[in-house]
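# Coordinate inspection notes
As a plain string of letters, each chain reads:
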Amino acid sequence: MKKLLVFALVALALSCTKKNELTTGPWLGIIQMDTIPGRLDVPFNFEVRSDSGKVCLVVRNADELIWVNEVERIGDSLYAKFPTFTSELVVSINDSLSGYYYPKGIKAGRRYWFYAIKGETDRFPWFTEQPKYDVTGRWWFIENPGTPDSSVMIAELKQDGARVTGTILSPYGDYRYLEGKVAGNKFYFSKNDGAQTIIIRGEITDSANMSNGLIAGSPRWVSSWRAFRDENAQLPKAESMVWVRKGYSTFEFAGIDLNGNRVTSNDERFKGKVLAVLAGGSWCPNCLDEGRFYKTMYEKYRDKGFEVVSLCFEDKTFEAAQPKIKRFAQSIGADYTYLYVAPRGRAQRDSVLYAIEGTMAYPTSMILDRKGKIRRVETGFSGPGTGEHFKKFAKETEELIVKLLNEN
């Protein structure tokens, strides 16, 4: 923190002799996750807006707009905190912006070099060749093919000219909103939503195959991939991933709410209610999408006996986790129950979610009827970035909630 204070004071002193204006309008930001420029660069689009002297950033990933309102200017330096998650930007203002992106926040220390180019709306402006292929459609997307770490996913892509939008679906959720382009026979895709910085690139071999791919979310997560087109590709059914453990039919929980009070499933607020139990955390982007969906369900059906509880797996102590959970809850805008239940970790998760088994991920959810019986379990969450998949899930889930509410 001392170094940051010195940095801020120096910037403030410089501002007394030189005024650099922060240009409103479109910018292209680039996060360099590797010391070798270009190797793991993650481009993303954002806009600088100013209203009565108050500056905000609006980050765009395909159809998602992320409003970064916690922005402070000190001299020629700009400090910005992404909503929901802990990522932060600290940049110097000149004709361009340059500084650092802290994926886990300034206090965590780890940082990537960041710069931005004003007036640029293309996500990958360095690649100008006309596209040779249209990648619109459904593709098997295989990460680390031919290795023990191989995983099979599905890429759903939509191309308009050179621009491509879409997502990647895994059995445990989706990669949310991705955006990029096709230039010649090259494919480029990226996102930065404050939780994840991802770059994906590869070669389009022909109209049905992609190869020589790279996907990276950090210097530690760098994988190869290949893809082949299959409009009928389907992921495993939810019931084949997780299920209720033999000998169990109900579920009980306990945790600490945002005010430091102990809350259990036996409390009056949950008795005789249809209950959605969401197991996740404030660090999980798919949990954010899940929370937003259940917020709409809660507001629509709470008066009819529907409750939601979010079981949060966070830091080692409640004191460290509480502000993060609070920020997460405020971002979702829901006033259902949030509980700190345990630190992150497989053993802790399996212990808390004792009534279910299988290949669990975050988030994992359960829906209980008025008698406390588990009526559905599911792991992962495919959010609104997945289009029809999300619509199907939303329709089926609302129908189940209504059915359980109408049962005696």
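Our structure is the block above this text.
Below you will find a few notes about this structure. Bear in mind the structure is a predicted one, so any value in this text is a computation, not a measurement. (Residues numbered from 1 in each chain as written. Predicted model: local features only at pLDDT ≥ 70, side-chain atom pairs only at ≥ 80, totals over all residues. Heavy atoms only, no water.)

## Description of the overall build of the protein chain
Along its length, the protein chain carries five helices and 27 strands. Computed over its C-alpha atoms, the radius of gyration of the protein chain comes to 23 Å, within 12% of the 22 Å expected for a compact globule of 408 residues. Each of the three principal axes of the protein chain carries a C-alpha extent, and together these read 70 × 55 × 35 Å. By the burial criterion, 52% of the 408 residues in the protein chain qualify as buried. (Helix = DSSP H or I, 4+ residues; strand = E, 2+ residues; numbered from the N terminus. Rg over C-alpha atoms; globule rule 2.2 N^0.38 Å. Buried < 20%, exposed > 50% of the residue type's maximum accessible area, 1.4 Å probe, protein only.)

## Some words on the nonpolar core
Phe251, Tyr294, Phe306, Leu311, Tyr338, Leu353 and Met366 are the most contacted members of the largest nonpolar core, which totals 58 residues. Looking at this core, the elements that each hand over two or more residues are β22 (274-280), α2 (285-301), β23 (306-314), α3 (318-332), β24 (337-343), β26 (364-368), β27 (374-379) and α5 (388-406). Excluding anything up to four places from it in sequence, Leu311 contacts Phe251, Phe253, Val277, Leu278, Ala279, Gly280, Leu339, Val341, Val352 and Leu353. Ile66, Val71, Leu78 and Tyr188 belong to the second-largest nonpolar core, a separate cluster that totals 32 residues. (Core = buried A, V, L, I, M, F, W, Y, C linked by side-chain atoms within 4.5 Å. Contact = heavy atoms within 4.5 Å.)

## A closer look at the state of the cysteines
Counted according to the given criterion, the structure contains one disulfide. Covalently, Cys284 is tied to Cys287 through a disulfide, its sulfur atoms 2.5 Å apart. Around the S-S axis, the bridge from Cys284 to Cys287 shows a dihedral of about 80 degrees and counts as right-handed. Unpaired in terms of disulfides, Cys312 finds its nearest cysteine sulfur in Cys287, a separation of 8.4 Å. (Disulfide = S-S within 2.5 Å.)

## Regarding the environment of Leu65
Structurally, Leu65 can be placed in strand β4 (residues 64-68). Note: C-alpha distance between Leu65 and Trp243 (178 residues apart in sequence) is 35 Å. In contact with Leu65, not counting residues within four places along its chain, are Val58, Val59 and Arg60.

## Some words on the sheet that holds strand β2 (residues 41-51)
Here nine strands make up an open sheet; going across it, the order is β4-β3-β2-β1-β9-β8-β7-β6-β5 and the pairing antiparallel. Each edge of the sheet is formed by a strand with only one pairing partner; in this case those strands are β4 and β5 (70-74). The average undirected angle you get between the axes of adjacent strands in this sheet is 25 degrees. Judged from the six bridges that link them, strand β1 (residues 25-32) and strand β9 (residues 112-118) form a sheet pairing that is antiparallel. Residue pairing for β9: Gly29 is matched across the bridge by Ala116. (Pairing = 2+ DSSP bridges. Axes fitted to C-alpha atoms, helices over the stretch in contact; angles between N-to-C directions.)

## Examining the side chain of Ser87
By the secondary structure assignment, Ser87 is in the loop between β6 (77-81) and β7 (88-93). At 3.5 Å, the side chain of Ser87 forms a polar contact with the side chain of Tyr101. Polar contacts involving the side chain of Ser87 include one to the main-chain carbonyl oxygen of Gly194, which spans 2.8 Å. Excluding residues within four positions of it along the chain, Ser87 makes contact with Ala80, Lys81, Phe82, Tyr101, Tyr102, Pro103, Gly105 and Gly194. (Polar contact = N/O pair within 3.5 Å; in protein donor to acceptor, adjacent residues only side chain to side chain.)

## Observations regarding α2
Its 17 residues place the ends of α2 25 Å apart at the C-alpha level, agreeing with the 24 Å of an ideal helix rising 1.5 Å per residue. For α2, a buried count of 13 out of 17 residues is recorded, marking the element as mostly surrounded by other parts of the structure. (Expected span 1.5 Å × (residues − 1).)

## Structural notes on the pattern of salt bridges
Going through the model one piece at a time under the given rule, you end up with 30 salt bridges. Residue Lys324 is joined to Asp315 by a salt bridge in which the shortest nitrogen-to-oxygen separation is 3.0 Å. The residue Lys391 makes a salt bridge to Glu388 at a minimum N-O spacing of 3.6 Å. With Lys391 and Glu388 both in helix α5 and three residues apart, this pair spans about one turn of that helix. This pair shows no difference in class: Lys391 is exposed, exactly as Glu388 is. A single network of salt bridges, built from pairs that share partners, joins Glu64, Arg176, Lys191, Asp193 and Asp289. (Salt bridge = Lys/Arg side-chain N within 4 Å of Asp/Glu carboxyl O.)

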